[in-house]
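Geometric and topological summary
These are the residues of each chain, in order.
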Amino acid sequence: MSGINQSIVLDVVRLRTSFKDDVGNSKVVSGSGFWMKHKQGRIFVTNKHNVDPSLKLGSETPYGLEQLEIELRLFDQNVPKAATQYFSVDLIHSPPALSDSADVAIFFDPSFLTPCGSYRPGNVLSSLDLADAAFFVNSVALMDTASFIGFAGNSVSRWWDSKWNLGVARTVNIASVPGIPFTHEDIRTSDTILVAGLSFSGSSGSIVVLHEKSIKPGLGLNNPNYVPAKVIGIMSGHWWDADQDPGMFHHSGLSYFTRSTSILALL
């Protein structure tokens, strides 16, 4: 058992971002993100590269963020329905908080340009579920199992439930020492961990959750080896095979995520 609440899938959603330059040229990118409850209200977490064009298009890019749309789900009372709809974030009143060096962006209780009615995020995750630096040192180990949930694929080939628009989970194993950030010249952002697993286009922004370890102790009992499931980060990228064109299946089998410590730093 993973120890992960299955309803977490309702908190993970798609997003669409539009970048535009001064002469009207535009680029649209897609990715994933997730909602969490926080003491300041609800927050939406995604990659910095999903909202900052300089990370995708280069530091000298003439493009700027024009529009961000987040997919919300229809709820009847507290019962989720299959219907989903994109809503545009009011970027004037709800600008993102961006990490200086890590691939993380947070929208604090974002408002939308149009009323959402009965469309809303899920209501499972909390910022209290985020792993801190001590957790990575004491409770996460090389080769541990984790899963990321998101929307791999593109406009041509979508690898998720097409009726319910629910993200899919993929399993990874921790491939670098988790107590220290993984550093490599091919990764331009900070505070990452390398994993053995297949993250593809569209997976950026997927939530990464460590599976629980050992047996959860019962009432009045203690198991010092037990580690609960915990949100350990946000998927950020992957490596293609060397000397290969980046086709969909030319994957090295290695991906990397940004640690939850960078999310906590922004909070």
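Basis of the calculations
- Residues numbered from 1 in each chain as written.
- Predicted model: local features only at pLDDT ≥ 70, side-chain atom pairs only at ≥ 80, totals over all residues.
- Heavy atoms only, no water.
- Helix = DSSP H or I, 4+ residues; strand = E, 2+ residues; numbered from the N terminus.
- Contact = heavy atoms within 4.5 Å.
- Areas by Shrake-Rupley, 256 points an atom, 1.4 Å probe, with all protein chains shown as cover.
- Buried < 20%, exposed > 50% of the residue type's maximum accessible area, 1.4 Å probe, protein only.
- Phe/Tyr/Trp six-rings, centres within 6.5 Å; stacked < 30°, edge-to-face > 60°.
- Lys NZ or Arg CZ within 6 Å of the ring centre and 35° of its normal.
- Patch = residues over 30% accessible without salt bridge, like charges linked within 9 Å, V, L, I, M, F, W, Y side chains within 5 Å.
- Salt bridge = Lys/Arg side-chain N within 4 Å of Asp/Glu carboxyl O.
- Core = buried A, V, L, I, M, F, W, Y, C linked by side-chain atoms within 4.5 Å.
- Pairing = 2+ DSSP bridges.
- Polar contact = N/O pair within 3.5 Å; in protein donor to acceptor, adjacent residues only side chain to side chain.
- pLDDT = per-residue confidence, 0-100.

**With respect to the overall build of the protein chain**
Looking only at helices and strands, the protein chain has three helices and 14 strands in total. Expressed as a percentage of contacts within the protein chain between residues at least 6 apart in sequence, the contacts between residues at least 24 apart total 68%. As presented, the protein chain carries roughly 13,000 Å² of accessible surface, and 51% of it is formed by carbon and sulfur atoms.

**Some points on the side chain of Asn47**
With respect to the helices and strands, the residue Asn47 is situated in the loop between strand E3 (41-46) and helix H1 (53-57). Owing to a relative accessible area of 0%, Asn47 belongs among the buried residues under this scheme.

**Comments concerning the packing of aromatic side chains**
According to the stated counting rule, one finds three aromatic pairs in the structure shown. Geometrically, the ring pair formed by Trp35 and Phe44 is tilted, given 5.0 Å between the ring centres and 55° between the ring planes. The class for Phe44 is buried, based on a relative accessible area of 0%. Pairing Phe87 with Phe112 gives two aromatic rings, centres 6.2 Å apart and planes at 70°, and the pair type is edge-to-face. Within this pair, whereas Phe87 is found in strand E5 (residues 79-88), its partner Phe112 is found in the loop between strand E7 (105-108) and strand E8 (119-120), the two being separated by 25 residues in sequence. Residue Phe87 is classed as buried on the basis of its relative accessible area, which comes to 3%. Since its relative accessible area comes to 19%, Phe112 is described here as buried. In this structure, Arg120 is placed above the aromatic ring of Phe75, and the distance from its NZ or CZ to the ring centre is 3.7 Å. Across the ring face of Phe136, the terminal group of Arg259 is positioned such that the distance to the ring centre comes to 4.9 Å.

**Let's talk about a nonpolar patch on the surface**
Where nonpolar side chains cluster on the molecular surface, the patch consists of Leu142, Met143, Val177 and Ile180 and spans about 410 Å² of accessible area. Within the fold, Ile180 resides in the loop between strand E10 (168-174) and strand E11 (192-196).

**A word on the pattern of salt bridges**
Counted according to the given criterion, the structure contains five salt bridges. Between Lys213 and Asp144 there is a salt bridge, with its nearest N and O atoms 2.7 Å apart. Highlighted residues: Lys213 in the loop between strand E12 (207-210) and strand E13 (230-240) and Asp144 in the loop between helix H2 (133-139) and strand E9 (145-150), separated in sequence by 69 residues.

**Here's the deal with the nonpolar core**
Residues Phe34, Val45 and Ile207 are the most contacted members of the largest nonpolar core, which totals 22 residues. Discounting residues that sit within four places of it in the chain, Val45 has contacts with Gly33, Phe34, Val104, Ala105, Ile106, Ile234 and Ile263.

**A short note on the pairing of E9**
Most of E9 is tucked away: five of the six residues are buried. Where E9 meets E10, six bridges bridge the pair, whose relative direction is antiparallel. The partner of Thr145 across the bridge, within E10, is Asn173.

**A word on the side chain of Thr258**
In this structure, Thr258 sits in strand E14 (residues 251-259). The exposure class assigned to Thr258 is buried, which follows from its relative accessible area of 0%. One polar contact links Thr258 to Ser236, side chain to side chain, over a distance of 2.7 Å. With sequence-adjacent residues up to four places away left out, Thr258 is seen in contact with Ala102, Asp103, Val104, Ser190, Asp191, Thr192, Ile232, Gly233, Ile234 and Ser236.

**Observations regarding the confidence of the model for the protein chain**
Any residue range with low pLDDT should be treated as having predicted coordinates unsuitable for detailed reading. When pLDDT is averaged along the protein chain, the result is 88; 88% of the residues meet or exceed 70. Note on residues 241-249: pLDDT is under 50 here. Beyond four places in sequence and across chains, it has 11 contacts.

**A few points about the pairing of E10**
The sheet contact formed by E10 and E11 spans two bridges and is antiparallel. By the bridge assignment, Ile174 is partnered in E11 with Val195.

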